[in-house]
Amino acid sequence: YQRRVHGTAKEGKNSFGEIHYHGPLVPKPGEEPPSFRFKVFVLNDYLKLPRGASKSEVMNAMKGKTISKAQIVVKTSPKKEVKWDATKPQKKKKKKKKNKSKLL
């Protein structure tokens, strides 16, 4: 992963209390897959905050500068369980042939 963002962007502290991205925790068998919520804000000015600012510092600094906002929710789906044994030869799936005949 990338330790720093480019340009004038700055990273704040995440929910782990650190200043870099951590991916989501993998759900345990039988648990629902996670949903991700992204809050997007359109501001009319830059925030003058240091790298590592907390969420509350960012939210307070945005007061009076927010033009618009949206929330994006991404729902993931569980992966199919794949049973694979490296000691056994794997069968190739045959592709179905498409019927190329045309009706007149």
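First, a word on scope: everything that follows refers to the structure included in this document. Note that this is a predicted model, so its numbers are computed, not measured.

Points about the overall build of the chain
Phase 1: A count of helical and extended segments in the chain gives one helix and two strands.
Phase 2: Shown N-terminal to C-terminal, the secondary structure of the chain runs as helices and strands in the order β-α-β.
Phase 3: Within the chain, buried positions represent 7% of all 104 residues.
Phase 4: Long-range contacts, defined as pairs at least 24 residues apart, comprise 55% of the intrachain contacts of the chain with a sequence gap of at least 6.
Phase 5: Surface accessibility of the chain: about 10700 Å² in total, with carbon and sulfur atoms responsible for 57%.

Thoughts on the pattern of salt bridges
Phase 1: Evaluation of the coordinates by the stated rule reveals two salt bridges.
Phase 2: For Glu 11, the salt bridge is made with Arg 51, and the minimal N-O distance between the two is 3.5 Å. Taken together, the residues Glu 11 in the segment before strand E1 (35–43) and Arg 51 in the loop between E1 and helix H1 (55–62) connect sequence positions 40 residues apart.
Phase 3: The class for Arg 51 is partly exposed, based on a relative accessible area of 36%.
Phase 4: In this structure, Asp 45 engages Lys 48 in a salt bridge whose closest nitrogen and oxygen atoms are separated by 3.9 Å.

Rules behind the numbers
Residues numbered from 1 in each chain as written. Predicted model: local features only at pLDDT ≥ 70, side-chain atom pairs only at ≥ 80, totals over all residues. Heavy atoms only, no water. Helix = DSSP H or I, 4+ residues; strand = E, 2+ residues; numbered from the N terminus. Buried < 20%, exposed > 50% of the residue type's maximum accessible area, 1.4 Å probe, protein only. Contact = heavy atoms within 4.5 Å. Areas by Shrake-Rupley, 256 points an atom, 1.4 Å probe, with all protein chains shown as cover. Salt bridge = Lys/Arg side-chain N within 4 Å of Asp/Glu carboxyl O.

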